[in-house]
Amino acid sequence: MNSKFLRNTLFALLIFGYIYYCQRYIAATSFIIEGKTYYVLFDDAMISMRYAYNLAHGLGPVWNAGEHVEGFTNPLWVGLMALVHLLPIGLNETSLVMQIIGASLLTFNLLLVKGIIEHFTDDLFAMLAAVALTAFYAPLNSYGLLGMEVSLLALMLSAVIWLILKNDKQFSVSIYILLAISTLVRFDMAVPYIVILAVLFFVQKENRNQHLTWGLGLLVLSLGGQTLARYLYYGALLPNTYYLKVEGWPLTLRLLRGLYALIHFAYYSNWMLFLLPFTIFLFRRDWKVTLLALVFIGQVAYSVYVGGDAWENHGGANRYIVIAMPLFFVVFSWSAVELLKKAASNLFAQGGVLAAGDGGRSDRHKGNLFEIGWRVVFVVLFTFSLFNFNALIGEWKSIERWNFTRRPDYVAGSDRNLQIALAIENVTEPGASVAVIGAGTIPYLLPDRYAIDILGKADPYIAHQNVRTPMSIADVPFMRPGHMKWDYAYTFGQLKPDVIVSIWEGTDAEAAPYLKKDYVQAVIGEKIKVYLLKDSPNVIWENVVIK
């Protein structure tokens, strides 16, 4: 059952299967328009892509030329995206390169998942289950294959854990170097950094001075260095997105929203399966198991603190938790094996007592039957869990998106934004200003248009406002971090964009005075209606149909 050849063969088949899955996923998230293939990432990733485009073209890491606003939290990822923009390919293909990079990073992560679980158990079924659950977990693929830095962060976190396990209680500065680099990919990687530093400081008593020197030193250097660079370039101590999501939102309501998101995630993950990994403490209670648990709990706690993510309604682990899900699946698979083995052992022992009169002639036969029995139960549990964890909000539609009988998650929105961007390009002149709700795909595909972010991700004036959505406890389920601030008097009344793509949901009455006074609604493409500034010289009026 544990021969090296069989283990490596089955693992290789899983890897090849996952590579094929990635190819199918990327193909399913592409669009062909007038014979031209377009690849589009998750809309937040496309925000980073616009920054990367401008950086690659000598304008600096900015959303609009000349405006120093940090509307991203992933500087090294933006830097990687900028390198992609140096390739001799069109904007329709740059996202494909990022998808291939994401697929590669997620594939390498599977090698580390294998290494991590094999540190704890040599059981073949546990290894295959951990790798398969990680490989085919829908949220990890949705974010990782649609251009988010999640793919790199998951790999880096797994690599750090693997290094710790490999070095046992020996000090290794490479752990902190990798963690420091991860904070440059996304600054809130400081959370697992601090958790890991605390555990290693507590466990490795003989190396505490080194942990303090290198661990704290590199943490301060990485966070302090990027904070100084941010202040010098953007004039702010924190990214604009931090102010957008946290400032002006009462802490109590933010925590309640974070708890609601966690309960929602745990409930649809199945409470029993969600808590199953923690049963590993029945069998093993050393610092290594505790480390894995605390890293996962740290990400969960951070998610609660920031109020969860904006896309909790899609189900599954959000962007903060999902990078630790490979560790969750490692312990999940391992604990399931240990529980079933223990149950089979107890049943076998009871059977041995009952059959003591047969002289023990059938013990080996019964032992084999119990072995087969618990492994069959494990396969059933694994299969159920694979579907359960991917039925994200208890819908079969999630499974259909997962297996490509429907378009994958978030793709419908990307398709719509792509169509709008191409239509706006056809009806406006370069230099036209375009106000958007989704600040990614449309501005990215219109690099020579001035973009206005209605919800403030790239606008410090909006980001520093108080939230505008209802703020009672009953409204907690409907709160969406980063999507709760706007000011139409400022955006429409003062800035007067040439094109308003859409307004935020439920704000028609608030926007109406500005739209009626200065704008006309027009059809610019099939089922595409926008608001155009009256008599704007930046609109090609013969290409539009006034509604």
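Residues numbered from 1 in each chain as written. Predicted model: local features only at pLDDT ≥ 70, side-chain atom pairs only at ≥ 80, totals over all residues. Heavy atoms only, no water.

Engineer: Hey, could you run me through the nonpolar core in this one?
Structural biologist: Buried together is how nonpolar side chains tend to be arranged in soluble globular proteins. Among the nonpolar cores identified, the biggest contains 156 residues, and Phe136, Tyr137, Ile161, Ile196, Val322, Met325 and Ile424 are the most heavily contacted of them. The element contributing the most residues to this core is helix H7 (residues 150-167), with 13 residues. In contact with Val322, not counting residues within four places along its chain, are Tyr137, Pro139, Leu140, Tyr143, Val150 and Ala317. Counting residues in hydrophobic clusters, the runner-up holds 15 residues, among them Leu455, Trp486, Tyr488 and Ile500. (Core = buried A, V, L, I, M, F, W, Y, C linked by side-chain atoms within 4.5 Å. Buried < 20%, exposed > 50% of the residue type's maximum accessible area, 1.4 Å probe, protein only. Helix = DSSP H or I, 4+ residues; strand = E, 2+ residues; numbered from the N terminus. Contact = heavy atoms within 4.5 Å.)

Engineer: I tried to follow the sheet that holds strand S5 (residues 499-500) on my own but got confused; where do I start?
Structural biologist: Adjacent strands of a sheet pair through backbone hydrogen bonds, lying either parallel or antiparallel. Taken together, six strands build an open sheet; the order of strands is S4-S3-S5-S7-S6-S8 and the sheet is mixed. Both edges of this open sheet fall to strand S4 (450-453) and strand S8 (545-546), since each of them pairs with a single strand only. As defined by bridge partners, strand S6 (residues 519-525) adjoins strand S7 (residues 528-533) across six bridges and the pair is classed as antiparallel. Among the inter-strand pairings, Gln521 is bridged to a residue of S7, identified as Tyr531. Each of S5, S6 and S7 touches helix H23 (residues 508-518); the most contacted strand, S6, lies at about 80° to it. (Pairing = 2+ DSSP bridges. Axes fitted to C-alpha atoms, helices over the stretch in contact; angles between N-to-C directions.)

Engineer: In this structure, what is going on with the environment of Glu542? I would like to understand it.
Structural biologist: Looking at the secondary structure, you find Glu542 in the loop between S7 and S8. In the structure, Glu542 is positioned 477 residues away from Ala65 in sequence and 29 Å away in space, judged by C-alpha atoms.

Engineer: How do you make sense of the packing of aromatic side chains when you look at a structure like this?
Structural biologist: Aromatic ring pairs are reported here in terms of the distance separating the ring centres and the angle at which the planes meet. Applying the stated criterion across every chain, the model contains 33 aromatic pairs. When the ring of Phe332 is compared with that of Phe389, the centres are 5.4 Å apart and the planes differ by 75°; the resulting orientation is edge-to-face. Separated by 57 residues along the polypeptide, Phe332 in helix H16 (residues 325-354) and Phe389 in helix H17 (residues 363-390) bring together distant segments of the chain. Taking the relative accessible area as the measure of exposure, Phe332 reaches 3% and is therefore buried. Classification of Phe389 by relative accessible area gives buried; the value is 4%. Here the aromatic cluster, defined as three or more aromatic residues joined through ring pairs, consists of Tyr137, Phe265, Trp271, Phe274, Phe296, Phe328, Phe329, Phe332 and Phe389. The side chain of Arg208 reaches across the aromatic face of Phe201, ending 4.9 Å from its centre. It is Arg375 that lies over the ring of Phe125; its NZ or CZ is 4.6 Å from the centre. (Phe/Tyr/Trp six-rings, centres within 6.5 Å; stacked < 30°, edge-to-face > 60°. Lys NZ or Arg CZ within 6 Å of the ring centre and 35° of its normal.)

Engineer: How should I be thinking about the pairing of strand S3 (residues 433-436) in this particular structure?
Structural biologist: Strand residues, when the strand is regular, have side chains that alternate between the two faces of the sheet. Across the two faces of S3 the burial is the same, with Ser433 and Ala435 and Val434 and Val436 all buried. When S3 meets S4, the two strands line up parallel, connected through four bridges. Residue pairing for S4: Ser433 is matched across the bridge by Tyr450.

Engineer: What am I meant to see in the pattern of salt bridges here?
Structural biologist: Close approach of charged atoms allows side chains with opposite charge to pair. As enumerated under the stated definition, the model contains 17 salt bridges in all. Taking the shortest distance from any N to any O, the salt bridge between Arg230 and Glu70 comes out at 2.5 Å. Placement of Arg230 in helix H10 (residues 208-234) and of Glu70 in the loop between helix H2 (43-56) and helix H3 (75-84) is noted, with a sequence separation of 160 residues between them. Residues Arg186 and Glu149 are paired through a salt bridge, measuring 3.1 Å at the closest nitrogen-oxygen approach. Taken together, the positions of Arg186 in the loop between helix H8 (173-185) and helix H9 (190-203) and Glu149 in the loop between helix H6 (138-144) and H7 put the pair 37 residues apart, joining distant regions of the chain. The burial state of Arg186 is the same as that of Glu149; both residues are buried. (Salt bridge = Lys/Arg side-chain N within 4 Å of Asp/Glu carboxyl O.)

Engineer: Explain unusual backbone geometry to me, please; I cannot follow it from the model alone.
Structural biologist: Outside of glycine, negative phi angles account for most residues, and trans bonds account for most peptide bonds. If you check the backbone angles, Asp168 has positive phi at about 55° while not being a glycine. The partly exposed category is assigned to Asp168, whose relative accessible area is 36%. At Phe404, a residue that is not glycine, the phi angle is positive and equals roughly 75°. Among the secondary structure elements, Phe404 is positioned in the loop between helix H18 (396-402) and helix H19 (411-427).

Engineer: Would you mind showing me how to read the confidence of the model for the chain here?
Structural biologist: Model confidence for the chain is summarised by a mean pLDDT of 94, while 96% of its residues fall at 70 or above. In the model, residues 353-357 has pLDDT below 50 throughout and makes one contact with residues more than four positions away in sequence or in other chains. (pLDDT = per-residue confidence, 0-100.)

Engineer: In this structure, what is going on with the environment of Phe332? I would like to understand it.
Structural biologist: Along the primary structure Phe332 and Tyr231 are separated by 101 residues, whereas in three dimensions their C-alpha atoms are 43 Å apart. Non-local contacts of Phe332, meaning those with residues more than four positions away in its chain, are made with Leu133, Leu273, Leu276, Pro277, Ser385 and Phe389.

Engineer: Please clarify how H23 should be interpreted in this entry.
Structural biologist: Spacing of three or four residues puts side chains on the same side of an α-helix, whose turn is 3.6 residues. Within H23, burial applies to Ala511, Ala512, Leu515 and Asp518. On the buried face of H23, the contacting elements are helix H22 (488-494), S5, S6 and S7.

Engineer: Looking at this structure, how should I read a nonpolar patch on the surface?
Structural biologist: Taken together, the side chains of Leu256, Leu259, Ile263, Tyr267, Trp271, Leu275, Phe278, Leu294, Ile297 and Ile473 define a hydrophobic patch exposed on the protein surface, amounting to about 910 Å² of accessible area. For the nonpolar patch, the secondary-structure elements that each account for two or more residues are helix H12 (251-268), helix H13 (271-275) and helix H14 (287-305). Examining the composition of the nonpolar patch, we find that four residues originate from one element, H12, more than from any other. Considering the arrangement of structural elements, one finds Phe278 in the loop between H13 and H14. A relative accessible area of 32% means that Phe278 is categorised as partly exposed. (Patch = residues over 30% accessible without salt bridge, like charges linked within 9 Å, V, L, I, M, F, W, Y side chains within 5 Å. Areas by Shrake-Rupley, 256 points an atom, 1.4 Å probe, with all protein chains shown as cover.)

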